[in-house]
Amino acid sequence: GDVLHSRVARSNIQALVLLGARVTLVGPPPLLPRGIEAMGCETTTDIDAIKAADVVYVLRMQNERMQEGANYVPSLREYTARWGITPERLRPGQKVMHPGPMNRGVEIDPRVADAADALIETQVRAGLVVRMAVLYDLLTTGPAAVRIETPVEVA
């Protein structure tokens, strides 16, 4: 997918590699950041590489972050044809995730998004609950006390 413009890709790579996962990024060359392999992942432009994955984590095309006039892909239609996640590109039982929002019919086929093996709804719900818990904690505990190490003179 669109790794170049993703806000979650790098943090996911760091976490997954730290946990011992083998991470392979798949997408068009302009959307795979140069040197990202230094984070401990592999890159390929071959969509067939997803067959080896236990989980396929799909990223959306983030047109709003793309430089106006830049041609990252020839067209969304070609992107979908070459890199869109369809049932035919997945193994039976293979899990699929997507952080949302989805561009149904672009990076992910609706049949994949709505399939029993898709973890998307659970993933989005869990993300909402975690954000709510963090906000609750921040709002109910107040700011952390700051200890000043150097003396302050008051005039």
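Up top you'll find the structure we're talking about.
Remember, it's a predicted structure, so these values are computed and weren't measured experimentally.

**A short note on the overall build of the chain**
Here comes step 1: Helix and strand content of the chain: 4 helices and 4 strands.
Here comes step 2: Shown N-terminal to C-terminal, the secondary structure of the chain runs as helices and strands in the order α-β-β-β-α-β-α-α.
Here comes step 3: Across the 155 residues of the chain, 30% fall into the buried class.
Here comes step 4: If you sum the accessible surface of the chain, you get close to 10,500 Å²; carbon and sulfur atoms cover 58% of it.

**Structural notes on the pattern of salt bridges**
Where charged atoms of side chains with opposite charge meet at close range, the side chains can pair.
Here comes step 1: Applying the stated criterion across every chain, the model contains 6 salt bridges.
Here comes step 2: In this structure, Asp117 and Lys95 form a salt bridge, with 3.0 Å as the shortest nitrogen-oxygen distance. Taken together, the residues span a long stretch of sequence, with Asp117 in the loop between α3 (110–113) and α4 (120–141) and Lys95 in strand β4 (residues 95–97) at a distance of 22 residues.
Here comes step 3: A residue is classified by how much of its surface remains accessible, and Lys95, at 30% relative accessible area, is partly exposed.

**Topic: the side chain of Glu107**
Here comes step 1: Examined against the element boundaries, Glu107 turns out to sit in the loop between β4 and α3.
Here comes step 2: Separated by 2.8 Å, the side chain of Glu107 and the backbone nitrogen of Asn103 make a polar contact.
Here comes step 3: Residue contacts for Glu107: discarding those within four places in its chain leaves Val58, Leu59, Arg60, Met61, Tyr79, Trp83, Gly84, Ile85, His98, Pro101 and Met102.

**A short note on the layout of surface pockets**
Here comes step 1: When its volume is computed, the largest pocket comes out at roughly 840 Å³.
Here comes step 2: Residue lining of the largest pocket: 30 residues in total, with Val23, Thr24, Val55, Val56 and Tyr57 positioned closest to the centre.
Here comes step 3: Where the lining of the largest pocket is concerned, the elements lending two or more residues are α1 (9–18), β1 (24–26), β2 (42–44), β3 (55–57) and α2 (76–83).
Here comes step 4: Along the lines of polarity and charge, the residues of the lining of the largest pocket split into 22 nonpolar, 4 polar and 4 charged.
Here comes step 5: Of the pockets and cavities examined, the second largest pocket occupies roughly 410 Å³.

**Here's the deal with unusual backbone geometry**
Here comes step 1: The linkage connecting Gly100 with the following residue, Pro101, adopts the cis geometry, with an omega of -10 degrees.
Here comes step 2: Tracing the sequence through the fold places Pro101 in the loop between β4 and α3.

**Notes on the packing of aromatic side chains**
Here comes step 1: This model, assessed by the stated rule, comprises 1 aromatic pair.
Here comes step 2: Relative to Trp83, the ring of Tyr79 has its centre 6.0 Å away and its plane inclined at 40 degrees; by these criteria the two rings are tilted. Of this pair, Tyr79 and Trp83 are both found in helix α2, 4 residues apart, which corresponds to roughly one turn of the helix. In this structure, Tyr79 and Trp83 share a single accessibility class: buried.

How each quantity is defined
Residues numbered from 1 in each chain as written. Predicted model: local features only at pLDDT ≥ 70, side-chain atom pairs only at ≥ 80, totals over all residues. Heavy atoms only, no water. Helix = DSSP H or I, 4+ residues; strand = E, 2+ residues; numbered from the N terminus. Buried < 20%, exposed > 50% of the residue type's maximum accessible area, 1.4 Å probe, protein only. Areas by Shrake-Rupley, 256 points an atom, 1.4 Å probe, with all protein chains shown as cover. Salt bridge = Lys/Arg side-chain N within 4 Å of Asp/Glu carboxyl O. Polar contact = N/O pair within 3.5 Å; in protein donor to acceptor, adjacent residues only side chain to side chain. Contact = heavy atoms within 4.5 Å. 1 Å grid on protein atoms, 1.4 Å probe; cavity = no way out; pocket = protein on both sides within 12 Å on 5 of 7 lines; lining within 4 Å. Points joined across faces, edges and corners; volume = space filled by probe spheres on them. Nonpolar A, V, L, I, M, F, W, Y, C, P; charged D, E, K, R; others polar. Phe/Tyr/Trp six-rings, centres within 6.5 Å; stacked < 30°, edge-to-face > 60°.

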